[in-house]
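# Observations on the three-dimensional arrangement
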Amino acid sequence: MATTTAAQRRDQERFAYDAFMRDCPTNQLLGRLSDKWVSLVVAALAGGPRRYSDLRRKIAGVSPKMLTQTLRTLERDGILTRAVTPSVPVRVDYELTALGRSLAGLLTAVKDWAEEHIEEVHAARERYEMQETGAAAAG
């Protein structure tokens, strides 16, 4: 078994990914994955392949341009695949890759958490606003 010197370990650590560093690729990936459209697209595809039109109906409020950009980005990152079937009109299906399926559980859990806890968040916001309003009136 080869041993590494302290200098070699420092070199390895210098090139280790650190999402807290602005220029680290993992920082940039986290920024992309935290986009709400990415989360909703991945969660929608977690149940299996969907056509573009199905995704548009499922994800209320997404514009065609934003959906297309999100799908292209996820395809480029290896999160999903795009299959085109020549027909009239052309049929385009999207499906998560193995990498995308490994991410889907996490993003679906975040979506589920938001749905489960939104009332608590609303209550906390109201309490905060009341405190701020009271502090402003007293100040």
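Preceding this paragraph is the structure being described.
Before going into details, it helps to say that this report is about the structure given with it. In this text, all values refer to a predicted model and were calculated from it rather than measured experimentally. Per chain, the residues get numbers from 1 upward, laid out in the order the sequence is written. Totals for whole chains, interfaces and linings use every residue, but because this is a predicted model, local features are given only for residues with pLDDT of at least 70 and side-chain atom pairs only at 80 or more, for both listing and counting. Derived side-chain values reflect all non-hydrogen atoms in the structure, with water molecules and hydrogen atoms excluded from consideration.

Where strands meet in a sheet, backbone hydrogen bonds hold them as pairs that are either parallel or antiparallel. The rule for pairing is simple: two strands pair if DSSP sees at least two bridges between them. Helix numbering and strand numbering both begin at the N terminus, where a helix is a DSSP run of H or I of at least 4 residues and a strand a DSSP run of E of at least 2. The 3 strands are arranged S1-S3-S2 in an open sheet whose pairing can be described as antiparallel. Taken across any chain shown, the strands that pair with only one partner, and hence form the sheet edges, are strand S1 (50-51) and strand S2 (80-85). Pairing of S1 with strand S3 (residues 91-96), which is carried by 2 bridges, proceeds in the antiparallel orientation. Across the sheet, residue arginine 50 finds its bridge partner in S3, namely tyrosine 94.

Salt bridges are defined by distance alone: a side-chain nitrogen of Lys or Arg within 4 Å of a carboxyl oxygen of Asp or Glu. A complete count under the given rule lists 7 salt bridges for this structure. With a closest N to O distance of 2.8 Å, arginine 91 and aspartate 93 form a salt bridge. Buried, partly exposed and exposed residues are distinguished by accessible area as a fraction of the type maximum, computed with a 1.4 Å probe on protein chains only: under 20%, between the cut-offs, and over 50%, respectively. Assessed through its relative accessible area of 34%, arginine 91 is described here as partly exposed. Judged by relative accessible area, which is 16%, aspartate 93 ranks as buried. Each of Arg32, Arg76 and Asp77 takes part in salt bridges that share partners, so that together they form one network.

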